[in-house]
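Structural characterization, general
The lines below spell out each chain.
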Amino acid sequence: MTGQGIIETEELTKKYGAQTAVNRLTLQIEKGEIFGFLGPNGAGKTTTILMMLGLTEPTSGKAAVIGFDPTREPFKVKEKVGYLPENVGFYDDMDARQNLRYIARLNRIPGEATEKRIDYWLEMVGLSEEGSKKVGTYSKGMRQRLGIAEVLIKEPKLIFLDEPTIGLDPDGTNRMLDLIHSLSREKKITLFLSSHLLDQVQRICDRVGIMINGNLVAMGPIEELAKKKLGLDQTDYTLEEIYMKYFKEA
Amino acid sequence: MHGIFTIFRKELGDHFNSMRFLLISALIVMVGVIITSMVGMAIQEELRGMAKPTLIFLLLFTSTGKLFSFVQFIGFFGPLLGIFLGFDSINRERVSRTLSKLVSQPIFRDSIINAKFLSGVTVIAIVLVATVLLISGLGIRLIGVVPGVEEVWRLVIYIVISLLYISFWLGISILFSVVFRSTATSALASLAIWIFFSFFVSLGASVVADAVAPVSQTASGVDAEMLIRHERIQRVASLVSPMALYSDATTTILDPMRKTTRTLILMGPMERFSMSRFQSPLPLLESILIVIPHLISIAAITLLCFGICYFVFMRQEIRTV
C-alpha cells in the first residue's frame, strides 16, 4: 500500500465457511473520483463495502480507508465515511427532520449546526417541503433522497452507495444520478457506488471495477476497458458489451 | 458514552409514546388502585375500635382481599411489562432496516443493546415507583396510617427486587428479539417462556420431588423424615422458576410476621392481628438476611440473561443485521 488513495485494499479476502465471498481484492481509489463497482447479484460487492466500513471482519488481507484500518479503528472510519445501504430504512413514525436529527446526534454534531445542515441538505435533495411529514408516507424515490441527505449530514469525505438507484422510476433515477454527480464535482466527495445497472454507471463514473464471483476481473476507466476488450478501432461501445464479455469469460 | 445517551433518549421517548406502554401501565395502575381500595376499606373496617398493630401499612401490599394481593399481581403480571418493552427492540430495527444504518454511525456497537436495555429498565423503574407511591397515597387516605421508617425501607427493597425481576423478563424478550428475525416469533417465544416458568414449573417440581424422594405408605404410616425430604426437594425444584424466587423474596420482605420463605399460609387479617399480639415481627435486618440469597439469584439470572443477549448481539454477522 502506498498510502496515496482514499481507499486502498491489499489481498482483502472474506470467507463464509467454505464459500469465498471476496477473493484477494486489491484496489486503490483516488480522492475525488466516482468509482463504479459492478457485478451481478451475489458477487461480493456489499461484503466488500461492509469490510471497508469495519462492519464485518476480513478473513485475511489489509484495507485502509481515509488512512485508517477499518477493522482496528472503525470509529475513525465511520466518523468520516458515509454509507447508504441498499433499501435504506428510516424510523417511519418520525418525520424526516427527526430522523436526520437523530443521526446528527449520534455523530455528535452540535445542535445549531445540526439545524443548519438539515435545512441545507433537505433543500439540496429537494425535500424541504416534505421535511415535516412522517417518513412512512414517503415514496421510494423520496426515501432514497432522504437517505443521501442523512449520509451527508456528517459531511463525509467518502460515501459508499449500495445500489443507489435500484427500484427508482426513470425520473427518480435521473435526479439521483445528477445529485451524485454534483456531490463529486461541487463538494469534492469521493463516491464508491456499487451497482448492476450498467448504463447509469457509464453515465457518471470515472472508473469502474468489475467483480464476478468474488474476483475483481477488471478495473480502470471505461474507455480503457473498451480498448482492451472490444478492440482499438471501436469508438461506439457500451459498458454492457464490455461487461458481458468479462462475464462470459469468467 | 455519547452514543448510549442518544439512543437511550430516543428509546425512552419511543416507549412513552407507544400505545402498548400506555395500555399495560394503565392496567397495572388500575388494578393496583382497585386492589388497594378493596384492601384498604377492609382494613379500615376491621381496625375500628382496635389498637393499631405494628407494620399495618405493609398489609396494603400483601393482603389478598377478595382476589389477590398487589404483590401477587406484580409477580404474575410484571413479566408482561418487561416482555412488552423488549420483545421487538432489536428485530423491529432489523425489519425496518435501520439497524445497519445505526451500526455504520460512529458509535460502539454495544451502545445499541446497552441503551435499549437501560431504557427498558428505566421505564420499569418509573412504573413501579409511581404505582407504589400511588398505592401508598391512597392507603394513607383510606386507613389513616403513615408508614414508618422500617416500612418505607421494606418498600424500597421490594421495589428493587421487583425491578430486577421485571428486568429479567426484559432481558429474555430482548434476547429473543436478537435471535429471532420476526417480531411475532419473539413475542410468542417470550410469552411461552413466561407461561412455562410461571405455571408449569410448580407442577414439574412436584413430579421431580415424587421421582427423587417418593413418599411411600408403610404399615406405621408416613415417615416424617421422608415427607420433609420430599418437601425440600419440591421447594428447591420450584426455585427454578424466577416467579417462585420472586414471590418468596417479596412476601418475606413485605410480611415481617413470616419467619421463613415458605409459601403463604392463608390467614385472614383478624387472625393475623391477634397473632401479632403474641408474635413479634422479624426485624428488618433479619428479613434482609433471609432474602439476600433470593435477591442475588434474581440479580444473577438478570445479568446472565443480559450477558447472553449482549454476546449474541455482538457476535452476529452484520450481514444478518
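Structure shown above.
Residues numbered from 1 in each chain as written. Chains lettered and ligands numbered in written order. Predicted model: local features only at pLDDT ≥ 70, side-chain atom pairs only at ≥ 80, totals over all residues.

What about the interface of chain A and chain B?
Test applied: By the criterion used throughout, residues are in contact when their C-beta atoms, derived from the backbone, lie within 7 Å. In this description a helix means any DSSP run of H or I spanning at least four residues, a strand means any run of E spanning at least two, and both kinds are numbered starting from the N terminus. Residues are grouped as follows: nonpolar covers Ala, Val, Leu, Ile, Met, Phe, Trp, Tyr, Cys and Pro; charged covers Asp, Glu, Lys and Arg; every other residue, Gly included, is treated as polar.
At the interface, 21 residues of chain A touch 17 residues of chain B. Among the secondary structure elements, those contributing two or more residues to the side of chain A that touches chain B are helix H2 (74–80) and helix H3 (96–106) of chain A. Considering each element in turn, the side of chain A that touches chain B owes the most residues, four residues, to H3 of chain A. For the side of chain A that touches chain B, a count of residues per class yields 12 nonpolar, four polar and five charged.

With respect to the sheet that holds strand S3 (residues 34–38) of chain A
All names here are of chain A. Selection criterion: Paired strands, in this sense, are two strands between which DSSP finds at least two bridges. Every axis in this analysis is a line fitted to C-alpha atoms, fitted for helices over the stretch in contact. Angles between the N-to-C directions lie between 0 and 180 degrees.
Taking strand neighbours across the sheet as the criterion, the six strands line up as S5-S6-S7-S3-S8-S9 in an open arrangement whose pairing is mixed. Single-partner strands in this sheet number two, and they are strand S5 (81–84) and strand S9 (215–221). With direction set aside, neighbouring strand axes in the sheet form an average angle of 15°. Relative to strand S6 (residues 158–162), S5 is paired through four bridges, and the arrangement is parallel. For Tyr83, the partnering residue across the bridge sits in S6 and is Phe160. Each of S5 and S6 touches helix H5 (residues 140–152); the most contacted strand, S5, lies at about 165° to it.

Focus on the packing of helix H8 (residues 149–179) of chain B against helix H13 (residues 284–315) of chain B
Residue and element names in this part refer to chain B. We count it as follows: When an angle is under 35 degrees it counts as roughly parallel; over 145 it counts as roughly antiparallel; between 65 and 115 it counts as roughly perpendicular; any other value is oblique. Put simply, a crossing is left-handed when the front helix is turned counterclockwise from the back one by less than a right angle, and right-handed when it is turned clockwise.
At a closest axis distance of 9 Å, the pairing of H8 and H13 adopts a crossing angle of 20°. Taken together, the axes of H8 and H13 are roughly parallel relative to one another. Crossing angle aside, the handedness with which H8 passes H13 is left-handed. Split into classes, the residues belonging to the contact of H8 with H13 amount to 23 nonpolar, three polar and two charged.

That's the geometry; what it means functionally is another story.
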